Amino acid sequence: MNDTDCVEVLLDVPLQGTFTYRLATPLPVGTRVRVNFGGRELCGVIANGMNGPAPGVKLKPVAEAYTALPPLPGSLLRMAAFAARYYHHPAGAALFTALPTLLRQPRDVAPPDRRPWRLTEAGRLAPPPPRQRARLALWQALAGSPQEDDALRAVSPQAARVLAEWAGQGLAERFDAPREVKAADGLPELTGEQAAAVDAVAASLGRYQAWLLQGVTGSGKTEVYLRLIARVLAEGRQALVVVPEISLTPQLIERFARRFAGARIACLHSHLADGERLEAWVDAWQGRADIVIGTRLSVFTPLPRLALIVVDEEHDASLKQHDGLRYHARDLAVWRAHDAGVPVLLGSATPSLESVANADAGRYRRLALTRRAHAAARLPAVRLIDTRRAELTDGLSAPVVDALSGALARRELSLVYINRRGYAPVLACPQCGWTSGCPHCSARQVVHLQARVLRCHHCGDTEPLPRACPDCGNADIRPLGEGTQRLESALGALLPKARILRIDRDTTARKDAWDAVYRRVSAGEVDILVGTQMLAKGHDFGALSLVVALGCDGGLYSADFRAGERLFSTLMQVAGRAGRAGVAGEVLVQTQWPDHPLYQALARHDFDGYAETLLAERREAGFPPSAHQALVRADAPDGAAAAAFLQGLLALVADDPAVRVFGPAPALMARLAGRERAQLVIECTERARLHAWLSAAEPVLARLGREAGRALRWSIDVDPLEL
Ligand code: ADP
Ligand code: ZN
Ligand code: ZN
């Protein structure tokens, strides 16, 4: 190789393609390097292909190669390249999204090596160190058995220095201790359905197959995951478990840790410190972790011995990333399983319509758990309370109050669900009709009475609670509607003896808040839980006898075509909290539309029937999953500029009669944080042609975006969940 040889480098910049640099010594694909790009020092990754003699142009050199860690594995580079193609995102930016922060920076890093120490062959044959007591003690400790750093430091504070010295002399070394994953005993006997699910998936280990495990809450899905992971670990392989943000509770991690004592579990989520995340990621990559359990970003974690992927609560919208690389962790998990030739298990009580359609089409195979695992636990009875006929006190009907006080008298835990945090959704003036609109968004500011502020839940803008109407001066302005805080205080007034615990984003913002919630609930210090859909997800509060759902009707007739699916799924999940562990449960839903098919299906616990109804509606309307969708969004301080930008794009991209383009039109949330948002909705029944249209649009967008300047931002969202 001579000094005109060159190499392609992936960079974390919002530009398509790779960048060519000069290279003195060959480096393997996947090596992290430092390069100068436009005057800045950036971290880059050596890309596949195009290595060879440089053309006649003058190229900048690769300044430095980082070698403390091995080159990034090919499987990760392939996955990032696929994500970049599928989501129409720059390849370098896509790859860097997949990396922990510390590996995105132009620095050489490696997490501290925490493997245990032992004496080498030479060390065992060498005479023990003479004289010095500390050295002799360390030597004796190691001669007995391999030792962790902590233990050696306890033997002598000089352990680190002495061990480094011995390592240099070839007398001691770190090594990968073989782990013994003990089979947990006292496990429940699987139900017939669970055993069938475990056997089916186990039979597919070693090849690609997507499984949809549909099981009502409490039917033992997690138990199925655990049994399958046990088989994977017994073969010395690795498992990846992806869960939504909110389900990654200490409870869940504890359950895995208890089951797999002796196994190494790496947890990955966005709240980790950079160093912790790097360590967990590298542990998985180097094969030291047996199980990776994490939120959507964990789907990228390199796993050399991967044998099984689980995506729990696969319907959950938090599996989709809403900025940058707008990926869906479930869909990438399925791609990855295919690429790695392993099975992927998607679990949910309420699968997404996308997954139901994939199962209907035979692309996924179905597994069902129709009964609850505890023999005594029955599905709860659902009662619909018609609020057109009932008198409401602070939004609560008499049957709801009666049911709550009945549960209180029996000392049973109840849950009241309302889809709105804060005190009331809006402050209004009955005299002139003024409402508390957000100055920056097309949204209302929510009343937070305790903090005495109005707050926008979209942009966070906060203003003091006005004493009088800003428009007409009327002092009698009122909070309209109910939020969690108002419900909490109304319940407190109606049921003064009840101990109420409110759970929403305001009360659980602190890191350890959930611990306190569990402690109080399991200590029997709570009678009524009041909260948002946070309560519906993943959490097991033990025996709940009563679940009440309020203020849900908004989801029935929304402009968003997914609102019905989301409401149905949330209600099925909330209802699933009732009647666990031997307590017969009841679910009360207050509604103006008790005859609506959604509530009727809920009352019958008929997920499949209603899913087919919704799928038929989507087919009729040509909405996903019957058609494929993408959005091109543009936002700017000036709405006309955003629309003109998209219009300019349309003028330059060739029409395809199979591709329907709607817009430019204002987004559903037309104004957000002071920026006007316009969008194009692109639809096609053939995925390939949708992608062809987007591929043609990408370079045009890039050019128009440069011309439009910094005030305008644009993005492509493939398979968008929010319009
Ligand atoms: P899901 O993940 O579907 O909500 P879990 O796996 O958490 O269900 O199971 C719900 C409860 O039932 C848990 O307390 C679990 O320990 C228990 N359980 C699961 N499978 C069985 C079984 N086969 N026999 C008895 N109890 C079981
Ligand atoms: Zn007024
Ligand atoms: Zn706002």
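The structure displayed is predicted, hence computed values, not measured ones.

### Notes on the coordination of the zinc ion (ligand 2)
Those protein atoms acting as donors to the zinc ion (ligand 2) are Cys-429 (SG), Cys-432 (SG), Cys-469 (SG) and Cys-472 (SG), and they sit at 2.3 to 2.4 Å. For the zinc ion (ligand 2), the four donor atoms are set out with angles of 105 to 115° between them, so the coordination reads as tetrahedral. Sequence positions of the donors to the zinc ion (ligand 2) reduce to the motif C-x2-C-x36-C-x2-C. Separated by 37 residues along the polypeptide, Cys-432 in the loop between β20 (426-428) and β21 (446-448) and Cys-469 in the loop between β23 (462-464) and β24 (478-480) bring together distant segments of the chain. Overall, Cys-469 belongs to the buried group, its relative accessible area being 4%.

### Notes on the UniProt feature "binding site: Zn(2+) 2" (unreviewed entry) in the protein
Listed under "binding site: Zn(2+) 2" (unreviewed entry) in the UniProt record, and renumbered for this structure, are Cys-438, Cys-441, Cys-456 and Cys-459. Their sequence span is 22 residues, while the largest C-alpha to C-alpha distance among them is just 8.8 Å; these annotated residues converge on one region. With respect to the secondary-structure elements, Cys-438 resides in the loop between β20 and β21. Excluding residues within four positions of it along the chain, Cys-438 makes contact with Ala-443, Arg-444, Gln-445, Cys-456, Cys-459 and Asp-461. With respect to the secondary-structure elements, Cys-456 resides in the loop between β22 (453-455) and β23. What Cys-456 contacts, discounting residues up to four positions off in sequence, is Cys-438, Cys-441, Gln-445 and Asp-461.

### A closer look at the coordination of the zinc ion (ligand 3)
Distances from the zinc ion (ligand 3) to its protein donors, Cys-438 (SG), Cys-441 (SG), Cys-456 (SG) and Cys-459 (SG), fall at 2.3 to 2.4 Å. One can describe the donor arrangement at the zinc ion (ligand 3) as tetrahedral, given that its four donor atoms subtend angles of 104 to 114° at the metal. For the zinc ion (ligand 3), the single-chain donor residues occur in sequence as C-x2-C-x14-C-x2-C. Classification of Cys-459 by relative accessible area gives partly exposed; the value is 27%.

### Examining the UniProt feature "binding site: Zn(2+) 1" (unreviewed entry) in the protein
Here the UniProt-annotated "binding site: Zn(2+) 1" (unreviewed entry) positions come out as Cys-429, Cys-432, Cys-469 and Cys-472. A maximum C-alpha distance of 8.6 Å among these annotated residues, which run over 44 residues, shows that they cluster at one spot. For Cys-429, the position within the fold is in the loop between β20 and β21.

### Concerning the sheet that holds strand β26 (residues 528-531)
Read from one edge to the other, the open sheet built from six strands follows the order β16-β28-β27-β19-β26-β25, with strand pairing classed as parallel. The sheet terminates laterally at β16 (381-386) and β25 (500-503), the two strands that pair on one side only. Each neighbouring strand pair of the sheet contributes to a mean axis angle of 20°, computed without reference to strand direction. Bridge analysis of β16 against strand β28 (residues 586-591) gives six bridges, and the strand direction is parallel.

### What about the pairing of strand β13 (residues 306-312)?
In terms of burial, β13 is largely enclosed, as seven of its seven residues are buried. Across five bridges, strand β10 (residues 238-242) lies against β13 in parallel orientation. Bridge pairing in β13 places Ala-239 opposite Leu-308. Pairing analysis gives four bridges linking β13 to strand β14 (residues 343-348), with the strands arranged parallel. When the sheet's bridge partners are listed, Val-311 is paired in β14 with Leu-346. At this point the chain moves from β13, through helix α12 (residues 329-340), to the parallel β14, and the crossover so formed is right-handed.

### A few points about helix α8 (residues 192-203)
When the terminal C-alpha atoms of α8 are compared, their 16 Å separation across 12 residues agrees well with the 16 Å that a helix rising 1.5 Å per residue should span. Within the sequence span of α8, burial applies to Glu-193, Gln-194, Ala-197, Val-198, Val-201 and Ala-202. Angular distribution of buried residues about the axis of α8 spans 160°; they occupy a single face of the element. Counted as exposed and oriented over 90 degrees from the buried face of α8: Gly-192 and Ala-203. The secondary structure elements touched by the buried residues of α8 are β9 (209-215), α9 (221-234), β13, β14 and β15 (365-369).

### Considering the site of ligand 1
Among the 16 residues in the neighbourhood of ligand 1, the closest are listed as Glu-189, Gln-194, Lys-221, Thr-222 and Arg-255. Glu-189 places a main-chain nitrogen or oxygen 2.8 Å from a nitrogen atom of ligand 1. In this structure, an oxygen atom belonging to ligand 1 sits 2.8 Å away from a side-chain N or O atom of Arg-255. In isolation ligand 1 offers 560 Å² of accessible surface; the protein chains occlude 79% of this area. Of the residues forming the shell around ligand 1, the biggest block, three residues, is contributed by α9. Per-class residue counts for the shell around ligand 1 are four nonpolar, seven polar and five charged.

### A closer look at the packing of aromatic side chains
As enumerated under the stated definition, the model contains 12 aromatic pairs in all. With centroids separated by 6.4 Å and ring planes inclined at 50°, the aromatic side chains of Phe-256 and Phe-260 adopt a geometry described as tilted. By relative accessible area, Phe-256 is classed as buried at 1%. Accessibility expressed as a relative area gives 3% for Phe-260, which makes it buried. Look at Phe-561 and Phe-623: their rings are 4.3 Å apart centre to centre, the planes differ by 10°, and that puts the pair in the stacked class. Remark: Phe-623 occurs in the loop between α19 (607-621) and β29 (628-636) and Phe-561 occurs in the loop between β27 (544-550) and α17 (563-575); sequence separation between them is 62 residues. For Phe-623, a relative accessible area of 26% gives the class partly exposed. Here the aromatic residues Phe-82, Tyr-86, Tyr-87 and Trp-335 are joined through ring pairs into a cluster of three or more.

About the criteria used
Residues numbered from 1 in each chain as written. Chains lettered and ligands numbered in written order. Predicted model: local features only at pLDDT ≥ 70, side-chain atom pairs only at ≥ 80, totals over all residues. Heavy atoms only, no water. Donors = N, O, S within 2.8 Å, 3.2 Å for Na, K, Ca; no water. Tetrahedral: all angles 85-135°; square planar, octahedral: opposite > 155°, others 65-115°. Helix = DSSP H or I, 4+ residues; strand = E, 2+ residues; numbered from the N terminus. Buried < 20%, exposed > 50% of the residue type's maximum accessible area, 1.4 Å probe, protein only. UniProt positions renumbered as here; feature names shortened; annotations may be inferred. Contact = heavy atoms within 4.5 Å. Pairing = 2+ DSSP bridges. Axes fitted to C-alpha atoms, helices over the stretch in contact; angles between N-to-C directions. Right-handed = clockwise from strand over helix to strand, strands pointing away. Expected span 1.5 Å × (residues − 1). Arc of directions from axis to C-beta. Near = heavy atom within 4 Å. Polar contact = N/O pair within 3.5 Å; in protein donor to acceptor, adjacent residues only side chain to side chain. Areas by Shrake-Rupley, 256 points an atom, 1.4 Å probe, with all protein chains shown as cover. Nonpolar A, V, L, I, M, F, W, Y, C, P; charged D, E, K, R; others polar. Phe/Tyr/Trp six-rings, centres within 6.5 Å; stacked < 30°, edge-to-face > 60°.

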